[in-house]
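# Structural characterization, general
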Amino acid sequence: MIFSESYHRFIDELKKNTGQDPNQCYQCAKCSAGCPVVAAMDLLPHQVIRYLQLGLLGELEESRTPWICASCFTCAARCPRDLDLARLMEGVRLAVLRLREGNRLSPADLELTPEQLEKLPAQALVSSFRKYAK
Amino acid sequence: MPRIGVFICWCGTNIAGTVEIEQVVNAARSFPGVVYAGDYRYLCSEVGQKLIKDTIKKENLERVVVGTCSPRMHEVTFRKAVAEAGLNPYLLEVANLREHCSWVHKDPAEATPKAIALVRAAVSKASLDEPLTALMLDVEKRALVIGGGIAGIQAALDIADSGYTVDLVEKEPSIGGRMAQLEKTFPTLDCAACILTPKMVEVAQHPNINLLTYSEVEAVSGFVGQFDVRIRSRARSIDPSKCTGCGICYEKCPAKVPSEFDMELGKRKVIYVPFPQAVPNIPVIDRENCLYFKRGRCRICEKECPAEAIDFEQQDEIIERRYGVILVATGFDSMDLTGYGEYGYGQHPDVLSALQFERLFNASGPTAGQVVRLSNGRPPQRVVFIQCVGSRDIARGQNYCSKICCMFTSKQAILLKEKLPETEAYIFYIDLRTAGKGYEEFQRRAAEEYGVIYLRGSVGKVFPEGERLLVRGVDSLSGRPLEIEADLVVLAAASVPRRDAPELARLMSINSDRYNFFDEAHPKLRPVETHTAGIFIAGACQAPKDIPEAVAQAGAAAAKAVTLLSKEKLQSEACVAKVDPARCSGCLHCEAVCPYGAIAATETEERVRGELLTRTVAEVNPALCQGCGCCTMTCRSGSVTLQGYTDEQMLAEVDALCLQR
């Protein structure tokens, strides 16, 4: 079930997209303790990272949590592991969107360098990938 | 060209597994001056050493090159072997074929030519080796211990019991350190003062211990066996020969400031002893806050003192003394938590650091032993402990685990339950680390016997709600967010080095790690030595540790110190710098960069156009020189040479390395 080849591909992609490594997390759950919208979540924020560590991608696809996350960055500001969970959440959303619908436009089509890509707001990219057909 | 012998070691498979030994030996035979080349499985073994000794005699060798592990491991072994065969021990060169070659390569096709090059370089250098002689230096039979906490106390007692004189320097007015601030100790729940104060008294009474409290080390020079140290003994403003320790002065003193000993929770007088069992029991006047020193009026203590011991004119005393060894035991600080705004530390009186909370239990503490909320003076009904505040935090704190917090938090929860059985105790932990004799059992007792509730998770925010504090956290095991209305919140602050640790490290030329904890010379095999010979470390200045560990380390450091003190003479470094006065221009840049104060100006006479002129040149004191080579780098005229590492030798090595394969 876990650590399959597709898991590694997914994690590599996630790391590339977000610049964050879920394995840096030691599950102190401070993110969940401080999250202002945790009440509406089915998986707690730290559990999302744990699921990423274990490669439980199917469960993440079903979870409401990444869509509830308001990207307020409280978790990122307090994380003792210097991990930006808000970015990871965005990465999960991006991955789920791709799983569901695929990309109509791929990042390569933009002909941008990785440095330029990094500076663009990920949300803007995701929506444009979905919106514009080739 | 001297007759050179080359010996290549296999080091089992450590070297032979990656380096083709036979090729190296064959190549070595062709190097200039080499009259013998051989190999052996373990050159450091007795058989291996015998091979070297026998070959020196048989082949009439004048220089020896070994291709082995790092010289830090076995240079001493082979120097001794060479000396036993009648050669000067400095006619040996080590080519590091293990750490610098076989261990960092996988492919023999790459490792073997490199090994050959390293041996060729060592042979080139060896051909220029000159015999060197080390000086034999005296050892001052006196030890300096810096820091009067439990580690410093133990070390001082151990050295003093061995018959050597010890000066124990403590910055504060009393010895005792952090342990004196504790109420109880884990896992036995011994009263800290009950086991510490007998040792403090023993220090005060020991005929071989000279106690210097309220004193600081200002300068250190010299070297192992002969450290010259300047200590500033600050003016107490009290004549210790007259003071009887009656305490009337601090009873009558009208000025109060926050007490450092009570972690700023309570107040102390401006003339004070930090705590009732202080050693020595002689007050000090805190001149920064004293009304007389600030405004020129008051002198009430002077008027009240029945022994007429108050002396406003007293001056700092400078003590300059020579020591054979120095032992550093300066301890730790509790990390400043002002960066953790989400916990409300410093904003709410009921949010305390663990060391502050500890003081609440103490009969002579700020609440006279009553565990109460500082906001309203009432006993708490619910206390939340938060662990890992500042520890294991790579964003705002320290990367490391402070090691003692899991245990002291459980201890404080037990003390709380003992004192207020009805009060609830919650502990937020990330991981519970209870490695130690009786530690796991202790933590389980807290949970099972005392009903302390352990929550695996963290706290996101602490904020006032009515009279209480609302703690918003999460239990990660059940995946449930929690809200706890608490009366007190206790933060397990990280242990950090003393603020002035970097300065002390510079004074003594010892190394520190990235956090400013003092570095041991080897993490496993030389745990109490520093890289500077004759300086030892013990206790929490090296890394966070608990009392048993600090005491054990102090004993170990004391034993090492005594080993040095018991020697009649110490051999000095033989590879020392030497100035050629004919070339020296007397600019004395070398004097400025020398970390050991080994270079001084001297006069030389020379005849110029028939006239006898005197001019200034640099001179190296070989007893002080440690052979670091800074002076040779700095010298503009190239007139300083490091013997054993001369420019000619280094360039010969470079030439050999640069030869085409």
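Note that this is a predicted model, so its numbers are computed, not measured.

## Observations regarding the overall build of chain B
The helix and strand inventory of chain B stands at 18 helices and 34 strands. Viewed in the frame of its principal axes, chain B has a C-alpha envelope of about 90 × 70 × 40 Å. In chain B, which comprises 661 residues, the proportion classed as buried is 47%. The contacts in chain B between residues at least 6 apart in sequence include a share of 70% that link residues at least 24 apart.

## Let's talk about helix 3 (residues 71-84) of chain B
All names here are of chain B. With 14 residues, helix 3 extends 19 Å from end C-alpha to end C-alpha; this agrees with the ideal 20 Å at 1.5 Å per step. When we look at burial in helix 3, the residues that qualify are His74, Phe78, Arg79, Ala81 and Val82. Buried positions in helix 3, seen along its axis, are confined to an arc of 160 degrees and lie on one side of it. More than 90 degrees from the buried face of helix 3, the exposed residues found are Arg72 and Val76. The secondary structure elements touched by the buried residues of helix 3 are helix 2 (46-58), strand 3 (63-68) and strand 4 (92-96). Immediately downstream of helix 3, the backbone of Gly86 shows phi near 95 degrees, a positive value.

## With respect to the sheet that holds strand 26 (residues 480-486) of chain B
All names here are of chain B. The strand order across the open sheet formed by three strands is 24-25-26, and the pairing between neighbours is antiparallel. Of all strands in the sheet, those with a lone pairing partner are strand 24 (459-465) and strand 26, marking the two edges. Neighbouring strand axes in the sheet, compared pairwise and without regard to direction, differ in orientation by 20 degrees on average. With six bridges joining them, strand 24 and strand 25 (residues 468-475) adopt antiparallel strand pairing. Residue Val462 lies in a different strand from strand 25, and its bridge partner there is Val471.

## A short note on the packing of helix 2 of chain B against helix 3 of chain B
Residue and element names in this part refer to chain B. Interaxial distance between helix 2 and helix 3 falls to 9 Å at its minimum, and their mutual angle equals 35 degrees. Two packed elements cross with a definite hand, and for helix 2 against helix 3 that hand is right-handed. Listed contacts from helix 3 to Gln49, Ile52, Lys53 and Ile56 of helix 2 are Ala81, Val82 and Glu84.

## So, the confidence of the model for chain B
Of all residues in chain B, 100% have pLDDT values of 70 or greater, and the mean over the chain is 96. The ipTM, which scores confidence in the relative placement of chains, is 0.76 for this predicted complex, and the corresponding pTM is 0.85.

## Observations regarding the interface of chain B and chain A
In this assembly, 18 residues from chain B lie in contact with 17 residues from chain A. For the side of chain B that touches chain A, the elements supplying multiple residues, two or more each, are strand 24 and strand 25 of chain B. Tallied by class, the residues present in the side of chain B that touches chain A amount to six nonpolar, seven polar and five charged.

## A few points about the nonpolar core
Residues and elements named next belong to chain B. Ranked by size, the top nonpolar core spans 187 residues in total, and within it Leu327, Val489 and Leu491 carry the most contacts. Setting aside anything within four residues of it in sequence, one finds Leu491 in contact with Leu337, Tyr343, Tyr345, Val351, Ser353, Ala354, Ile386 and Val389. Core analysis: the next-biggest nonpolar cluster, separate from the first, contains 45 residues, Val24, Ala95, Cys101 and Ala122 among them.

## Let's talk about the environment of Val119 of chain B
All names here are of chain B. Inspection of the secondary structure puts Val119 in helix 4 (residues 108-126). We classify Val119 as buried; it has 28 C-beta atoms within 10 Å. Apart from residues no more than four positions distant in its own chain, Val119 is found in contact with Val6, Val24, Ala28, Val65, Gly67 and Ala95.

Cut-off values and rules
Residues numbered from 1 in each chain as written. Chains lettered and ligands numbered in written order. Predicted model: local features only at pLDDT ≥ 70, side-chain atom pairs only at ≥ 80, totals over all residues. Helix = DSSP H or I, 4+ residues; strand = E, 2+ residues; numbered from the N terminus. Buried ≥ 20, exposed ≤ 12 C-beta atoms within 10 Å, placed from the backbone. Contact = placed C-beta atoms within 7 Å. Expected span 1.5 Å × (residues − 1). Arc of directions from axis to C-beta. Pairing = 2+ DSSP bridges. Axes fitted to C-alpha atoms, helices over the stretch in contact; angles between N-to-C directions. Left-handed = near helix turned anticlockwise from the far one by under 90°. pLDDT = per-residue confidence, 0-100. Nonpolar A, V, L, I, M, F, W, Y, C, P; charged D, E, K, R; others polar. Core = buried A, V, L, I, M, F, W, Y, C linked by C-beta atoms within 7 Å.

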